[in-house]
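Coordinate inspection notes
The residues making up each chain are set out below.
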Amino acid sequence: ASVYAGTTPEGLKFLEENAKREGVVTLNSGLQYRILKSGDPSGQTATRSDKVECHYRGTLMDGTEFDSSYKRGRPATFGVTQVI
């Protein structure tokens, strides 16, 4: 089964266009991401049991924002295997 099974035509179009944006990486799972700012490559690397802090902004395909750590004024903390 395709990782895109059940995705609307609008969603498929978004993913296809988003994949063309500079710096966007698409994993085999279909997850797309773009690194906005990398850390020091000689620094520490998180392990599966670590928690990390990050800023994020969640939006719907029409641009409606449904969550934002930026608007709250502080990064969110997640386990490395959670959410992201």
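Residues numbered from 1 in each chain as written. Predicted model: local features only at pLDDT ≥ 70, side-chain atom pairs only at ≥ 80, totals over all residues. Heavy atoms only, no water.

**A look at the side chain of serine 69**
We apply this condition: Helix numbers and strand numbers start at the N terminus; a helix is a DSSP run of H or I with at least 4 residues, a strand a run of E with at least 2. Whenever two N or O atoms come within 3.5 Å, that pair is a polar contact, provided that in protein one can donate a hydrogen and the other can accept it, and provided that, for residues adjacent in sequence, both atoms are side-chain atoms. Residues count as neighbours in contact if any of their non-hydrogen atoms are within 4.5 Å of one another.
You can see serine 69 is positioned in helix 2 (residues 69-72). A distance of 2.9 Å separates the side chain of serine 69 from the side chain of histidine 55, its partner in a polar contact. Excluding residues within four positions of it along the chain, serine 69 makes contact with Cys54, His55, Tyr56, Arg74, Pro75 and Ala76.

**Overview of a nonpolar patch on the surface**
Inclusion rule: Patch construction takes residues with relative accessible area above 30% that form no salt bridge. Like charges are linked within 9 Å, and nonpolar side chains (Val, Leu, Ile, Met, Phe, Trp, Tyr) are linked within 5 Å. Residue exposure ignores everything except the shown protein chains as possible cover, and the areas themselves are Shrake-Rupley values with a 1.4 Å probe. For this document, the term salt bridge refers to a Lys or Arg side-chain nitrogen within 4 Å of an Asp or Glu carboxyl oxygen. For the exposure calls, accessible area comes from a 1.4 Å probe over protein chains only, and a residue counts as buried if that area is under 20% of its type's maximum, exposed if over 50%, partly exposed in between.
A surface patch of nonpolar side chains, amounting to about 410 Å² of accessible area, comprises Val25, Leu27, Leu31, Tyr33 and Ile35. Looking at where leucine 31 falls in the secondary structure, it is placed in the loop between strand 1 (25-26) and strand 2 (32-33). Given the relative accessible area of 43%, leucine 31 is considered partly exposed.

**Examining the pairing of strand 5 (residues 65-68)**
Short version of the rule: At least two DSSP bridges between two strands are needed for those strands to be called paired.
In this structure, strand 4 (residues 57-59) lies alongside strand 5, joined through 3 bridges in antiparallel fashion. When the sheet's bridge partners are listed, glycine 58 is paired in strand 5 with aspartate 67. Hairpin geometry of strand 4 and strand 5 is characterised by an intervening segment of 5 residues between the two adjacent antiparallel strands and by a positive phi of about 95° at glycine 63.

**Some remarks on the pattern of salt bridges**
Evaluation of the coordinates by the stated rule reveals 4 salt bridges. Between arginine 57 and glutamate 65 there is a salt bridge, and its shortest N-O distance comes to 3.7 Å. Accessibility expressed as a relative area gives 52% for arginine 57, which makes it exposed. The class for glutamate 65 is partly exposed, based on a relative accessible area of 28%. Close ionic contact of glutamate 65 with lysine 71 constitutes a salt bridge, the shortest N to O distance being 3.0 Å. What makes lysine 71 exposed here is its relative accessible area of 68%. Several salt bridges converge on common partners, so that one network encompasses Arg57, Glu65 and Lys71.

**A word on the environment of proline 9**
Counting through the fold element by element, proline 9 comes out in helix 1 (residues 9-19). A relative accessible area of 68% means that proline 9 is categorised as exposed. Sequence separation of proline 9 and glycine 23 is 14 residues, and the distance between their C-alpha atoms is 24 Å.

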